[in-house]
Amino acid sequence: MGQRAAYLAALGVPDWRQRRPLAMQPVAREAARPTAPPLPLAPVIPAGADARPEESWEAVAAEVARCTRCELHACRTRTVFGVGSRSARWLVVGEAPGAEEDRQGEPFVGRAGKLLDAMLLAIGLRREEVFIANVLKCRPPDNRNPAPGEVAQCLPYLERQIALLKPSIMLAVGSVAAQNLLATDVPVGRLRGRVHSFGSAGTPVVVTYHPAYLLRSPGEKRKVWEDLKYARAIAGAQPA
Ligand code: SF4
């Protein structure tokens, strides 16, 4: 089995090139037409659109490292700022650090992280070629969902990261990331398969399931594969 086939197998997509065409879902149809004009469905969020003139990655990282804006600072081991290339075209946005991320200070480590890496490699992206960050920079206790007040305090950091990175595409993984980025309570299953827009720059956002969810529900891996292909098509249609 070749390397790429191994990554696809990890996604539960063992040999997509030799399959007969599936009954195409809306997502797949969109992915097959990368030049189709994106249809922004989510409201444009003006916050964080442009980097401040004096802004820098170092300034944001330093503020996050000493942040006490919400109560989560009291129970963290370390903040999880984000990792990857600061010139990446892809920004992957997740929910919040888990126990292992809190220990290591890096997002998406452990089993879910390995699956995310496999997801990215399946579309030809190495982890270090993208930037990966979370909506929250500190771990909520017992892996509970972030409280609205915590998101309100922490999201500006992500918005500043987005303004610095200026990604060509954002991949929102999981409901917390998707719903907070898009300011909606629509479930992930209904946010998939279409391109959303973030900020005044109109950065395309594609939504898919969180790798931790896939570990519990491996039957959904096919849908994630369709989402990844769709996101790749959208990214390919963006200016370099
Ligand atoms: S979660 Fe965000 S806002 Fe809250 S303390 Fe951590 S860095 Fe600050």
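Computed from a predicted model, the values in this text were never measured in an experiment. Here the residue numbers are simple positions, counted from 1 along each chain's written sequence. Note on the predicted model: pLDDT of at least 70 is required for a residue's local features to be given, and 80 or more for side-chain atom pairs to be given and counted; whole-chain, interface and lining totals, by contrast, use all residues. Hydrogen atoms and water are omitted, and side-chain values are computed over all heavy atoms in the structure.

**Points about the nonpolar core**
It is characteristic of soluble globular proteins that their nonpolar side chains tend to be buried jointly. Inclusion rule: Only buried residues count toward a nonpolar core. Its members are Ala, Val, Leu, Ile, Met, Phe, Trp, Tyr and Cys residues joined through side-chain atoms within 4.5 Å. Each residue is assigned to one of three classes by its accessible area relative to the maximum for its type, calculated with a 1.4 Å probe on protein chains only: buried under 20%, partly exposed between the two thresholds, exposed over 50%. Residues count as neighbours in contact if any of their non-hydrogen atoms are within 4.5 Å of one another.
Among the nonpolar cores identified, the biggest contains 61 residues, and Trp90, Leu91, Val93, Phe131, Leu158, Met170 and Leu181 are the most heavily contacted of them. Dropping the residues within four chain positions of it, Leu158 is found in contact with Val93, Ala133, Asn134, Val135, Lys137 and Leu181.

**A word on the sheet that holds strand E6 (residues 203-208)**
Strands in a sheet are paired, the pairing made by backbone hydrogen bonds, and the direction either parallel or antiparallel. We apply this condition: Only strands that DSSP links by at least two bridges are regarded as paired with each other. Labels follow the DSSP assignment, with helices taken as runs of H or I lasting at least four residues and strands as runs of E lasting at least two, numbered in each case from the N terminus. Angles here are taken between N-to-C directions and fall from 0 to 180 degrees, while the axes themselves are lines fitted to C-alpha atoms, restricted in helices to the stretch in contact.
Taken in spatial order, the six strands of this open sheet run E1-E3-E2-E4-E6-E5, and their pairing is mixed. Two strands close off the open sheet at either side, each with one partner strand: strand E1 (83-84) and strand E5 (196-198). Two strands pair when backbone bridges link them, and E5 and E6 are joined in this way by three bridges, in the antiparallel orientation. Across the sheet, His196 pairs through a bridge with Val205, a residue of E6. Running over the sheet, helix H6 (residues 148-165) touches strand E2 (90-94), strand E3 (131-134), strand E4 (169-173) and E5 and is turned about 165 degrees from E3. Each of E2, E4 and E6 is contacted by helix H10 (residues 221-236), which is oriented at about 170 degrees to E6, the strand it contacts most.

**Section: the packing of helix H5 (residues 110-122) against H10**
Stated formally: Working rule for angles: under 35 degrees goes down as roughly parallel, over 145 as roughly antiparallel, 65 to 115 as roughly perpendicular, anything else as oblique. Should the near helix be turned counterclockwise from the far one by less than a right angle, the crossing is left-handed, whereas a clockwise turn marks it as right-handed. Note on residue classes: Ala, Val, Leu, Ile, Met, Phe, Trp, Tyr, Cys and Pro are nonpolar, Asp, Glu, Lys and Arg are charged, and everything else, Gly too, is polar.
Running from N to C, H5 and H10 point in directions that differ by 50 degrees, and their axes come no closer than 10 Å. By the angle class used here, H5 and H10 are oblique. Crossing hand, H5 versus H10: right-handed. On H10, the residues touching Leu115, Met119 and Ala122 of H5 are Lys221, Val224, Trp225, Leu228 and Arg232. Along the lines of polarity and charge, the residues of the contact of H5 with H10 split into six nonpolar, no polar and two charged.

**Quick notes on the packing of helix H3 (residues 57-65) against H6**
If you want to describe how two helices pack, look at the angle between their axes and the distance between the axes. Where H3 contacts H6, the two axes come as close as 10 Å, and the packing angle between them is 165 degrees. Between H3 and H6, the angle is such that the two are roughly antiparallel. Crossing of H3 over H6 shows left-handed handedness. Contacts from Trp57, Val60, Glu63 and Val64 of H3 reach H6 at Tyr157, Arg160, Gln161, Leu164 and Leu165. Residues that form the contact of H3 with H6 fall into these classes: six nonpolar, one polar and two charged.

**Considering the side chain of Glu101**
The condition is simple: Note on charges: Lys and Arg go in the positive column, Asp and Glu in the negative column, and His and the chain ends are not counted at all. By salt bridge we mean one thing: a side-chain nitrogen of Lys or Arg within 4 Å of a carboxyl oxygen of Asp or Glu. Within 3.5 Å is the distance limit for a polar contact, defined as a pair of N or O atoms, with the added protein rule that one can donate a hydrogen and the other accept it, and that residues adjacent in sequence qualify only through two side-chain atoms.
Mapped onto the elements of the fold, Glu101 is located in helix H4 (residues 99-104). It turns out Glu101 is buried and unbridged, and the closest side chain with the opposite charge, Arg139, is 7.1 Å from it. At 3.0 Å, the side chain of Glu101 and the backbone nitrogen of Gly98 are in polar contact. In this view, Glu101 contacts Val80, Glu106, Pro107, Phe108 and Val109; residues no more than four positions away in its chain are not counted.

**Observations regarding the pattern of salt bridges**
Throughout the structure, instances matching the rule amount to 14 salt bridges. As a salt-bridge pair, Arg144 and Glu71 come within 3.6 Å of each other at their nearest N and O atoms. Taken together, the residues Arg144 in the loop between E3 and H6 and Glu71 in the loop between H3 and E1 connect sequence positions 73 residues apart. The class for Arg144 is partly exposed, based on a relative accessible area of 29%. Each of Glu55, Glu63 and Arg160 takes part in one network of salt bridges that share partners.

**As for the layout of surface pockets**
Over the atoms rolls a probe the size of a water molecule, and its path tells where empty space is left. For the record, the criterion: For each structure, a 1 Å grid was placed over the protein atoms alone; sets of points admitting a 1.4 Å probe that cannot get out are labelled cavities, open sets with protein on both sides within 12 Å along at least five of seven lines are labelled pockets, and lining residues have an atom within 4 Å of a point. Grid points are joined across faces, edges and corners, and a volume is the space filled by probe spheres set on the points.
Considering only enclosed or pocket space, the largest pocket measures out at about 580 Å³ in volume. If you go around the largest pocket, you meet 27 residues; those closest to its centre are Glu95, Ala96, Ala112, His210 and Ala212. Secondary structure elements with two or more residues in the lining of the largest pocket: H4, H5, helix H7 (175-182) and helix H9 (211-216). A class-by-class count of the residues in the lining of the largest pocket yields 13 nonpolar, eight polar and six charged.

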